[in-house]
Amino acid sequence: MALQLYNTLTRRQEEFQPADGETVRVYSCGPTVYNYVHIGNLRTFAFQDVLRRYLRECGWKLDHVMNITDVDDKIIRNAAAAGQTIFDYTAQYRKAFLEDCDTLRLERPERITPATEYIPQMVDLIGKMRDRGHTYESEGSTYFRIASFPDYGKLSRIDTHGMKAGARVDQDEYEKDDARDFALWKAAREGEPAWDSPFGRGRPGWHIECSAMAMASLGPTLDIHTGGVDLTFPHHENEIAQSEAATGKPFVRFWVHAEHLLVDGQKMSKSLGNFYTLRDLLEKGYQPEAIRFLLVSTPHRKQLNFTFDGLQGAAAAIERLRNFARRVENPYPDGRNQDVKRLADEAVEAFHAGMNDDLNTAQALAAAFDFIREVNTKIDAGKFRDGNSADAWRVLDLFDSIFDVLRSDKEGKVAEEEIERLIAQRLQARRNKDFALADQIRDQLKADGVVLEDYTGGTRWHYADG
RNA sequence: GGCGCGGUGGCCGAGUGGCUAGGCAGAGGUCUGCAAAACCUCGUACACCGGUUCGACUCCGGUCCGCGCCUCCA
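Because the structure is predicted, anything quoted here is derived from the model rather than measured.

The rules behind each value
Residues numbered from 1 in each chain as written. Chains lettered and ligands numbered in written order. Predicted model: local features only at pLDDT ≥ 70, side-chain atom pairs only at ≥ 80, totals over all residues. pLDDT = per-residue confidence, 0-100. Helix = DSSP H or I, 4+ residues; strand = E, 2+ residues; numbered from the N terminus. Contact = placed C-beta atoms within 7 Å. Pairing = 2+ DSSP bridges. Axes fitted to C-alpha atoms, helices over the stretch in contact; angles between N-to-C directions. Near = placed C-beta within 6 Å. Nonpolar A, V, L, I, M, F, W, Y, C, P; charged D, E, K, R; others polar. Domains from an automatic or database assignment. Core = buried A, V, L, I, M, F, W, Y, C linked by C-beta atoms within 7 Å. Buried ≥ 20, exposed ≤ 12 C-beta atoms within 10 Å, placed from the backbone.

(A) Representation of the confidence of the model for chain A in the model. The pLDDT averaged across chain A works out to 92; a share of 96% of its residues lies at or above 70. Helix H12 (residues 388–403) holds the highest mean pLDDT among the elements of chain A, 98, whereas strand E13 (residues 266–267) holds the lowest, 84. Under a pLDDT of 50 for its full length, residues 162–173 has, in the predicted model, 8 contacts with residues more than four places off or in other chains.

(B) Expanded view of the sheet that holds strand E3 (residues 23–28). Strand order in this open sheet of 5 strands is E5-E4-E3-E10-E11, and the pairing throughout is parallel. Strands at the two margins of the open sheet, each flanked by one partner only, are strand E5 (111–114) and strand E11 (252–258). Each adjacent strand pair in this sheet contributes to an overall mean axis angle of 20°, direction not counted. The sheet contacts of helix H1 (residues 39–57) involve E3, strand E4 (61–68), strand E10 (222–228) and E11, and relative to E4 the element is tilted by about 165°. Sitting on the sheet, helix H5 (residues 208–218) is in contact with E3, E4, E5 and E10, with an inclination near 150° to E4.

(C) Quick peek at the protein's contact with RNA strand B. In the vicinity of RNA strand B there are 65 residues, among which Gly40, Gly228, Lys267, Ala317 and Asn376 approach most closely. Of the residues forming the surface near RNA strand B, the biggest block, 11 residues, is contributed by helix H11 (residues 361–380). Across the surface near RNA strand B, the residue classes break down as 26 nonpolar, 23 polar and 16 charged.

(D) Expanded view of the domain arrangement of chain A. Domains assigned within chain A are domain 1 (4–258), domain 2 (266–403) and domain 3 (416–463). Between domain 1 and domain 2, the C-alpha centre-to-centre distance is 34 Å. Across the boundary between the two partners, domain 1 contributes 23 residues, which contact 24 residues of domain 2. Those elements that place two or more of their residues in the side of domain 1 that touches domain 2 are strand E1 (4–7), H1 and helix H3 (86–103). Sorting elements by how many residues they give to the side of domain 1 that touches domain 2 places H1 first, with 11 residues. For the side of domain 1 that touches domain 2, the residue count by class is 13 nonpolar, 5 polar and 5 charged.

(E) Geometry of the sheet that holds strand E6 (residues 135–138). On the basis of which strands lie adjacent, the open sheet formed by 4 strands has the order E6-E7-E8-E9 and antiparallel pairing. With one partner strand each, in any of the chains shown, E6 and strand E9 (202–204) form the two edges of the open sheet. Within the sheet, the average angular offset between the axes of one strand and its neighbour, ignoring direction, is 25°. Relative to strand E8 (residues 182–187), strand E7 (residues 141–144) is paired through 3 bridges, and the arrangement is antiparallel. Bridge pairing in E8 places Tyr143 opposite Ala183.

(F) A look at the nonpolar core. By size, the foremost hydrophobic cluster in this structure holds 106 residues, and its most contacted members are Ala46, Ala368, Phe371 and Val395. Considering every element that reaches this core, the biggest residue donor is H1, with 8 residues. Here this core spans two domains, and each of domain 1 (4–258) and domain 2 (266–403) adds at least three residues to it. Excluding anything up to four places from it in sequence, Ala368 contacts Ala347, Phe351, Val395 and Phe399.

Now the structure itself:
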């Protein structure tokens, strides 16, 4: 079975293949760096990470581009308020964003493109639209004329005729022929950053950067374009209009949107006091892996209800996975139990089936947990053999290639040699039936963040995760 | 107001016209020197009201509630 993805453009789930059969060209709308990203933003980026990883699991190469918006109204306003240039102002948040991504183990896209480094490409693209008659100028700014692009609205399926100037559409102080038109190039204003262009001195409109960077990096037609659902309209609709008006070619084959994250069933907002950045959660003591797990275990097309109970549950689930990973490393009799091998085969297949179904991570996860329970039962029954470790790891490696939560970054206070020495000492005490000493050693290690677990034939240890 | 999505057991969250999703939490049990881990069992889930059907949580209609977009927004 092949990967199926829900395509917003067709409103259907379709089988995905890269156009060239080899490399998947993906563009993702990245952050606007005027602040720290919040966990809602990170849900979308975490989804993009899962998409990346699974595309690779499907055997394709990746050319993934993500933009960083480092010039826009909010940035200009905030930078001015902070008395900084937009470059200095955005640099700090850009750095913080990349750090947050690292913390959550989000892979870096092959290319990250800051908008201000692609001004010439944007200017070039606007020029193409102008040559084809899709633009007009008004008071020094250049606009896209929606009436010149009959396909407008095909992505969002919004009836744009209902959008009349007045109500809430024309918030701009710029003059437009039609309320639905949008700015490609905004005329320079006092105290704002500006670049020279054939359309006069000014700065790019919001939508143009994505079209320009995507096509400059990946060509006129992308395989996949991702972003949060809220970007569907008008941002992505406008991207289509700009790109296709300029090239005459389809801009994107698959539009894939990530649903929003809610906190306690409500939209995150500062006024409700349920607004969290990654840094907020880390300060409260939650593990990055648990946050990643929680963000990724709800399929991307469902709203994700973020709760602290859920976060604790995620930590416990990871603990179960790690316990299992440790357990299969214990020594077992030689041989290979064919039942366990078969369970692994089935688990791998079920995991793929879940992921192939529009990246249904919840189902893939269930496949992994089913496997763990079944194999634990085999181990308890003494039916697990040394050769089955590799079977278990086939499933765990597949699981972790997507979820990436098994490894802990946490460092222990007690050195490994010391732990091994104490375990040996404790073993001697247990042989002497000196359980008081044995328990004392275990308690002391536990206080130092090291957990001991006895099993038939030995003792294994790990650093406490919590 | 227009368009769209959703309401599943204490919590999160899959899925299906008749067959145990899964995780977390809780209760009981097994194992263990004791723990931990693990396994087993349990609480008898599908917002409400009609309809279709041999049979609906799953399909249709309506009601209530929540959420999103329509305006900067992941």
